[in-house]
Amino acid sequence: MQSDISLHHITAMAAISILLSVAVAFLLHGLVYWLGTRIVRRLSVEPIILPAIYHPTRWIIVLTTLAAGVQPLTLAPQIEAIWFIASKMTFILLMGWLILAAMRAGRILLERRSDITVEDNFKARRQHTRIRILYRVTQFIVGFIILSLMLIAIPGVRTVGVTLMASAGLAGLAVGAAAQPALKNLIAGIQMAFSEPIRLDDVLIVEGEWGRVEDIKLTYVVVRIWDDRRLIVPVSYFLEKPFQNWTTKTSDLLGTVFLYVDPATDIEPIRARFVEAVRSNSRWDGRVAILQVTDHRADALELRGLLSARNAGIAFDLRCEVREAMMHYLRTEMPQALVRSRHRIEAGEGFAESPTRPSAAAG
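Structure report, in brief.

Procedures and definitions
- Residues numbered from 1 in each chain as written.
- Predicted model: local features only at pLDDT ≥ 70, side-chain atom pairs only at ≥ 80, totals over all residues.
- Heavy atoms only, no water.
- Salt bridge = Lys/Arg side-chain N within 4 Å of Asp/Glu carboxyl O.
- Helix = DSSP H or I, 4+ residues; strand = E, 2+ residues; numbered from the N terminus.
- Buried < 20%, exposed > 50% of the residue type's maximum accessible area, 1.4 Å probe, protein only.
- Lys, Arg positive; Asp, Glu negative; His and termini not counted.
- Polar contact = N/O pair within 3.5 Å; in protein donor to acceptor, adjacent residues only side chain to side chain.
- Core = buried A, V, L, I, M, F, W, Y, C linked by side-chain atoms within 4.5 Å.
- Contact = heavy atoms within 4.5 Å.
- Pairing = 2+ DSSP bridges.
- Axes fitted to C-alpha atoms, helices over the stretch in contact; angles between N-to-C directions.
- Expected span 1.5 Å × (residues − 1).
- Left-handed = near helix turned anticlockwise from the far one by under 90°.
- Nonpolar A, V, L, I, M, F, W, Y, C, P; charged D, E, K, R; others polar.

### Remarks on the pattern of salt bridges
In this structure the tally under the stated criterion is 19 salt bridges. Between R107 and E111 there is a salt bridge, with its nearest N and O atoms 3.3 Å apart. Residue R107 and its partner E111 are both found in helix α3 (residues 77-113); the two are separated by four residues, about one turn of the helix. A relative accessible area of 12% places E111 in the buried class. Measuring nitrogen to oxygen at the nearest pair gives 2.9 Å for the salt bridge that ties R130 to E196.

Shown next as structure tokens:
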């Protein structure tokens, strides 16, 4: 009877100790978070880091105070062993959560400082691309380290791992062969972060499709095509195959407008009207507006108009509007310049009379 009372007493003390530890943890975390929020507001800093690490830090403090509350208690050997392994694995998992949350908040903070929505966003796109690729790679590395530490915390798994080291050669070759595409794209992603063949929001021609780089993942790139389809391209593609990048240095582009006119047409009025149509359009950036004869065929002259714009999207709209204006001008002001087919029959080259058809005189 006395032993039962003592056991109940010990159990009650353990429960009280655990509850007090958890209560102290919540109060301590709330106080620290409140002080941190006040400091951030006074420094006029963006409140990104603190909200991101709120939950992981709270549970880390709870686990730490819980471990402190359980330490004075006398537990059974099996329960103590389970608690030791479980608390260590939980602490590793929570620390990984904290690191990943802080990394994500840091990425958001850095991306907000470089605005990609402005007109001249070359530097911003360059920074966003490097930040996003390095963030994905670091995520993978941190996740791998967390998983490894959690497995090492289990004595049985650690022993098995040491035993398997003797046969790791063949296993390593098999895993390496199976994971070759993934590792290839991972290494290509790290290389692309510094060589920068593409950046976020770059305009590309990939596999015959025109589109913009919407996102860069760890092993693939998402290209948003002009009709809102998404083209998924492996990262290694941009290091191994040729493709067109229209915004490598700047987003400025030259556009072309082709016109086909009659060979006898006077070109000067058309050239003057083309330059006027380009200069009067608000999409023109003021650099290039010129019309030249680029080809001469028996039935038509090929006129190529060059015009410039700030980026690919504006250049496309400018080309369409100038082409429409020029066709309207040719139809209304110079219809004789439109290409037409000619058939000329010389005297004596008429169609011969059919021998089976009677002539009018015979009738």
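### Some points on the side chain of E302
Inspection of the secondary structure assignment puts E302 in strand β8 (residues 301-309). Buried within the structure, E302 lacks any salt-bridge partner; R297 is the closest side chain of opposite charge, at an N-O distance of 4.6 Å. Within polar-contact distance, the side chain of E302 engages the side chain of Y260 at 3.0 Å.

### Structural notes on the nonpolar core
Side chains of nonpolar character tend, in soluble globular proteins, to be buried together. Ranked by size, the top nonpolar core spans 23 residues in total, and within it I270 and F274 carry the most contacts. Contributions of two or more residues to this core are made by β6 (253-261), α9 (267-279), β8 and α10 (312-332). Here this core gets seven residues from one element, more than from any other, and that element is α10. When sequence neighbours within four positions are dropped, the list of residues in contact with I270 reads L259, V261, T265, L291, L303, M326, Y329, L330, M334 and A337. In terms of nonpolar packing, the next biggest core, distinct from the first, is built from 18 residues, V137, L186, V206 and V213 among them.

### A few points about the sheet that holds strand β7 (residues 289-296)
Taking strand neighbours across the sheet as the criterion, the three strands line up as β6-β8-β7 in an open arrangement whose pairing is antiparallel. Pairing within the sheet leaves two strands with one partner each, and these edge strands are β6 and β7. Between one strand and the next, the sheet's axes are offset by a mean angle of 25 degrees, whatever the strand orientation. Of the pairings in the sheet, the one linking β7 to β8 comprises seven bridges and is antiparallel in character. Residue pairing across strands places Q292 opposite R304, the latter belonging to β8. Packed on one face of the sheet, α9 meets β6, β7 and β8 and runs near 140 degrees to β7. Sheet contacts for α10: β6 and β8; angle to β6, the most-contacted strand, approximately 20 degrees.

### Quick look at α9
Here α9 contains 13 residues, and its C-alpha end-to-end distance of 18 Å stays within 8% of the 18 Å for a straight helix at 1.5 Å per residue. Tucked inside the fold, the buried residues of α9 contact β6, β7, β8 and α10. Here α9 starts with a cap whose side-chain oxygen sits 3.5 Å from the backbone nitrogen of E268, and that cap is D266.

### Side note on the packing of α9 against α10
It is the contact of α9 with α10, at a shortest axis distance of 10 Å, that shows an interaxial angle of 140 degrees. For the crossing formed where α9 meets α10, the hand is right-handed. Contacts between α9 and α10 involve P269, I270, R273, F274, A277 and V278 from the former and V322, A325, M326, Y329 and L330 from the latter. Its residues placed into classes, the contact of α9 with α10 shows 10 nonpolar, no polar and one charged.

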